[in-house]
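# Tertiary structure, described
Chain residues, written in single-letter form:
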Amino acid sequence: MEIKIFKNANDAAKTVETIFAKTLKSGDEVFGLATGSTPETTYARLVTSDLDFSNATAINLDEYYGLNSDHPQSYAYFMNKHLFNKKPFKHTYIPNGIAEDPQAEIDRYNKILEENPRNLQILGIGTNGHIGFNEPGTDFASKTQLVNLTEETIEANQRFFKKREDVPKQAFSMGIDSILDADHIILMAFGENKADAVKDMIEGPVTELLPASILQKHNHVTIILDEDAASKLS
Ligand code: F6R
């Protein structure tokens, strides 16, 4: 694990942009992408950069179950707004939050993942150590699943919704095994509320109780932190 600590998320985003640029330059064009607050500064930099993603493929980690792509809190909407509408990709994939047959949607997504191995995977981390929506206790060998969100995750994501009852209770998530398939994984974490999860991910045991801890076993991981998120590291 390589750990880089920056003053703030904007400085961190410059480095992540450089990694995107290098990846593209080497001819690698399949990107696993995340949503949430954490990657926003990175996507803002990609949008204003001169990088060309018109031959690239984006595969997102997750989507709320029950929200369609034009719901403002859906992850499809987020990606269009923050990245794809301004910086077109050749192919973009995200689970269909309103799939009538969840198992068929899971199978469809796993096939997409099999056919498009990721060169670079972007991750955030939940305060409980989740990656994607793989909550504590998820099998490290998991593929795409329809997951039940924990109370902690619902609480953390409530800030994007008018009321707590509006936060979906389930989501489709790329599994941990598929996340680990990527050649290079960048996990970003900003803010003091991530400091405990970051410490456990880097310094704690590898355990399914802290899903992000499995990254200790991957051979090419870059952890990008701001000073607050790094504040509890020894
Ligand atoms: C989102 C995702 C989640 C978030 C995590 C942190 O696609 O997979 O794991 O990365 O919940 O969310 P933020 O960035 O909003 O703190």
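Throughout what follows, the structure given in this document is the object of discussion. (Residues numbered from 1 in each chain as written. Predicted model: local features only at pLDDT ≥ 70, side-chain atom pairs only at ≥ 80, totals over all residues. Heavy atoms only, no water.)

### Quick notes on the sheet that holds strand β9 (residues 184–189)
Heads up, the condition is: Paired strands, in this sense, are two strands between which DSSP finds at least two bridges. By the criteria applied, helices consist of DSSP H or I runs no shorter than four residues and strands consist of E runs no shorter than two, each listed in order from the N terminus. Note on method: axes are straight lines fitted to C-alpha atoms, helices fitted across the in-contact stretch only, with angles between N-to-C directions ranging 0 to 180 degrees. Residue contacts follow a heavy-atom distance rule, with two residues in contact if any of their heavy atoms lie within 4.5 Å.
Pairing in this open sheet of 7 strands is parallel, and the strands run β1-β10-β9-β6-β2-β3-β5 from one edge to the other. Since the sheet does not close on itself, it has two edges, and those belong to β1 (2–6) and β5 (91–93), each with one partner. On average, adjacent strands in this sheet sit at an angle of 15 degrees to one another, irrespective of strand direction. Packed on one face of the sheet, helix α1 (residues 9–25) meets β1, β2 (30–33), β6 (120–123), β9 and β10 (221–226) and runs near 160 degrees to β6. Its contacts with the sheet put helix α7 (residues 195–203) on β1, β9 and β10, and the angle it makes with β10 is roughly 150 degrees.

### What to know about the pairing of β9
Rules: Burial classification: accessible surface area is computed with a 1.4 Å probe over protein chains only, and a residue below 20% of its type maximum counts as buried, one above 50% as exposed, and the rest as partly exposed. When the strands point away from the viewer and the path from the first strand over the helix to the second turns clockwise, the crossover is right-handed.
In terms of burial, β9 is a largely internal element, 6 of the 6 residues being buried. Here β9 shows two buried faces, one formed by H184, I186 and M188 and the other by I185, L187 and A189. Here 4 bridges tie β6 to β9, and the two strands are oriented parallel to one another. By the bridge assignment for β9, L120 is matched with H184. By the bridge criterion, 5 bridges tie β9 to β10 in an arrangement that is parallel. Within β10, the residue paired with M188 across the bridge is I224. Handedness of the β9-α7-β10 crossover: right-handed.

### Notes on the site of the ligand
Stated precisely, the cut-off is as follows: Throughout, the term near means that a residue has one or more heavy atoms lying within 4 Å of the molecule or strand in question. In protein, a polar contact requires one atom able to donate a hydrogen and another able to accept it; more generally it is a pair of N or O atoms within 3.5 Å, and residues adjacent in sequence count only if both atoms are side-chain atoms. Reported accessibility uses the Shrake-Rupley method at a 1.4 Å probe radius. Residues are deemed covered only where the shown protein chains occlude them.
Looking at the ligand, there are 13 residues lining it, with T38, D62, H130, G132 and K194 nearest. Note that an oxygen atom of the ligand is positioned 2.9 Å from one of the backbone N or O atoms of S37. Considering the ligand on its own, with 410 Å² of exposed area, one finds that the protein chains cover 94% of that surface.

### Observations concerning α7
Stated formally: The directions from the helix axis to the C-beta atoms are what the arc is built from.
Buried within α7 we find A195, A197, V198, M201 and I202. Along the long axis of α7, the arc covered by the buried residues comes to 160 degrees, so they all point the same way. The elements touched by buried residues of α7 are β1, β9 and β10.

### Structural notes on the environment of L83
Within the secondary structure, L83 is located in helix α3 (residues 75–84). With relative accessibility at 0%, the residue L83 sits in the buried group. Sequence spacing of L83 and V47 is 36 residues, and the spatial spacing of their C-alpha atoms is 6.4 Å. If we skip the residues at most four places from it in the chain, L83 touches L33, Y43, L46, V47, F78 and F89.

### Some thoughts on the packing of helix α2 (residues 40–48) against α3
Threshold: Put simply, angles under 35 degrees are roughly parallel, angles over 145 are roughly antiparallel, angles from 65 to 115 are roughly perpendicular, and the rest are oblique. Polar here means any residue other than Ala, Val, Leu, Ile, Met, Phe, Trp, Tyr, Cys and Pro, which are nonpolar, and Asp, Glu, Lys and Arg, which are charged; Gly is therefore polar.
Running from N to C, α2 and α3 cross one another at 45 degrees; their axes reach a closest spacing of 9 Å. Taken together, the axis directions place α2 and α3 in an arrangement best described as oblique. Judged by residue contacts, E40, Y43, L46 and V47 of α2 engage F78, M79, H82 and L83 from α3. Its residues placed into classes, the contact of α2 with α3 shows 6 nonpolar, 1 polar and 1 charged.

### What about the pattern of salt bridges?
Note the cut-off: A side-chain nitrogen of Lys or Arg and a carboxyl oxygen of Asp or Glu constitute a salt bridge if their distance falls within 4 Å.
Taken as a whole and judged by the stated rule, the model has 11 salt bridges. Close ionic contact of R108 with E105 constitutes a salt bridge, the shortest N to O distance being 2.8 Å. Here R108 pairs with E105, and both are found in helix α4 (residues 102–115), just 3 residues apart, close to one helical turn. By relative accessible area, which is 36% here, R108 ends up partly exposed. On the basis of relative accessible area, E105 is assigned to the buried category, the value being 6%. The partner of K163 in a salt bridge is D166, and the shortest N-O contact between them spans 3.6 Å.

Interpretation in functional terms is not warranted from these geometric data alone.
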